[in-house]
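Listed here are the chains, written in short residue letters.
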Amino acid sequence: SAVAASWRRSVSLYGLDPEDRGQPVTLTQRQLLEAQQQMEPLTQAAQGVLDRLFMAVGDTGCCVLLTNLDGVPVERRGAAADDETFHRWGLWTGAIWSEAAEGTNGIGTALAERRPVTIHRDQHFHSRNTALSCTSHPIYDHLGRLAGVLDVSSCRADATAGMLGLIAAVLAVIYFDRE
């Protein structure tokens, strides 16, 4: 499975410790600005998709992230009431969610596997991320090259597998039915 393969990579390839309690690694403000500038054409094209996706899932305590190829969110949608929680968990622009940095997680695993994935709670590699549920879909540029990930994440304890399945379906429909 994608999760088992990712856990193997997290240990064998990246040498990560699942009990690492450190904070997510983040870019400097300058590095984030550079990453956002590099993604600007795709980000501009994705504005409508990001807005529609957030309208579909925002009331369920989810945030929407658009990442670059390195797993760094460069654009985010979230409810102001949830911002403090999402920022604390690293579901924010500038955080690095590659598998090499965070182990098994929705964004990094979707990039590594090049396919949609849902990583639910204790499927995450780092124990500090086991309260998260992340549904991620790789995105491709106009030439068909992998460009990043569209992600919907939740920190809510009541995020069920059924709800995540619905979010995955919405993500796929919105991605494939974009303007």
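Residues numbered from 1 in each chain as written. Predicted model: local features only at pLDDT ≥ 70, side-chain atom pairs only at ≥ 80, totals over all residues. Heavy atoms only, no water.

Focus: the overall build of the protein chain
Phase 1: Scanning the protein chain from terminus to terminus reveals six helices and five strands.
Phase 2: The order of helices and strands in the protein chain, counted from the N terminus, is α-α-β-β-α-α-α-β-β-β-α.
Phase 3: Every one of the 179 residues in the protein chain was classed for burial, and the buried ones make up 48%.
Phase 4: The long-range share in the protein chain, meaning contacts at least 24 apart out of those at least 6 apart in sequence, stands at 61%.
Phase 5: For the protein chain, the accessible area works out to roughly 8700 Å², and carbon and sulfur atoms hold 55% of it. (Helix = DSSP H or I, 4+ residues; strand = E, 2+ residues; numbered from the N terminus. Buried < 20%, exposed > 50% of the residue type's maximum accessible area, 1.4 Å probe, protein only. Contact = heavy atoms within 4.5 Å. Areas by Shrake-Rupley, 256 points an atom, 1.4 Å probe, with all protein chains shown as cover.)

What to know about the packing of aromatic side chains
Phase 1: Per the stated rule, a full pass over the model turns up one aromatic pair.
Phase 2: Between Trp7 and Phe125, the aromatic rings sit 4.8 Å apart at their centres with planes inclined by 65°, giving edge-to-face as the arrangement. Of this pair, Trp7 sits in helix α1 (residues 2-13) while Phe125 is found in the loop between β3 (117-120) and β4 (133-140), placing the two residues 118 residues apart along the sequence.
Phase 3: Judged by its relative accessible area of 1%, Phe125 is buried. (Phe/Tyr/Trp six-rings, centres within 6.5 Å; stacked < 30°, edge-to-face > 60°.)

Considerations on the nonpolar core
Phase 1: The biggest cluster of nonpolar side chains holds 18 residues, and the ones touching the most others in it are Leu91, Trp97, Ile107 and Leu132.
Phase 2: Elements with a contribution of two residues or more to this core: α1, β1 (62-67), α5 (106-113), β3 and β5 (146-154).
Phase 3: Not counting residues within four places of it along the chain, the set of residues in contact with Leu132 comprises Trp89, Leu91, Trp97, Ile119, His120, Arg121, His124, Ser154 and Cys155.
Phase 4: Counting 14 residues, the second largest nonpolar core, distinct from the first, contains Ala35, Ala46, Leu53 and Ile139. (Core = buried A, V, L, I, M, F, W, Y, C linked by side-chain atoms within 4.5 Å.)

Let's talk about the pattern of salt bridges
Phase 1: With the rule as written, the count across this model stands at twelve salt bridges.
Phase 2: We note a salt bridge from Arg30 to Glu34, for which the minimum N-O separation is 3.2 Å. Remark: Glu34 and Arg30 occur in helix α2 (residues 29-57); sequence separation between them is four residues, near one turn of the helix.
Phase 3: In this structure Arg30 comes out as exposed when scored by relative accessible area, which is 64%.
Phase 4: Notably, a salt bridge pairs Arg76 with Asp83, separated by 3.2 Å at the nearest N-O pair. (Salt bridge = Lys/Arg side-chain N within 4 Å of Asp/Glu carboxyl O.)

Digging into the pairing of β5
Phase 1: When you tally the buried positions in β5, you get nine out of nine residues, the bulk of the element.
Phase 2: The pairing of β1 with β5 spans six bridges and is classified as antiparallel. Within β5, the position partnered with Cys62 by the bridge is Ser154.
Phase 3: Across eight bridges, β4 lies against β5 in antiparallel orientation. Each residue of the ladder has a partner; that of Thr135, found in β5, is Val152. (Pairing = 2+ DSSP bridges.)

Observations regarding unusual backbone geometry
It is generally the case that most residues other than glycine have a negative phi and that most peptide bonds are trans.
Phase 1: Phi at Arg114 is positive, roughly 55°, even though this residue is not glycine.
Phase 2: Classification of Arg114 by relative accessible area gives exposed; the value is 51%.

Overview of the environment of Arg88
Phase 1: Structurally, Arg88 is set in helix α3 (residues 83-89).
Phase 2: Put simply, Arg88 and Gln23 are 65 residues apart on the chain and 8.7 Å apart in space, counted from C-alpha to C-alpha.

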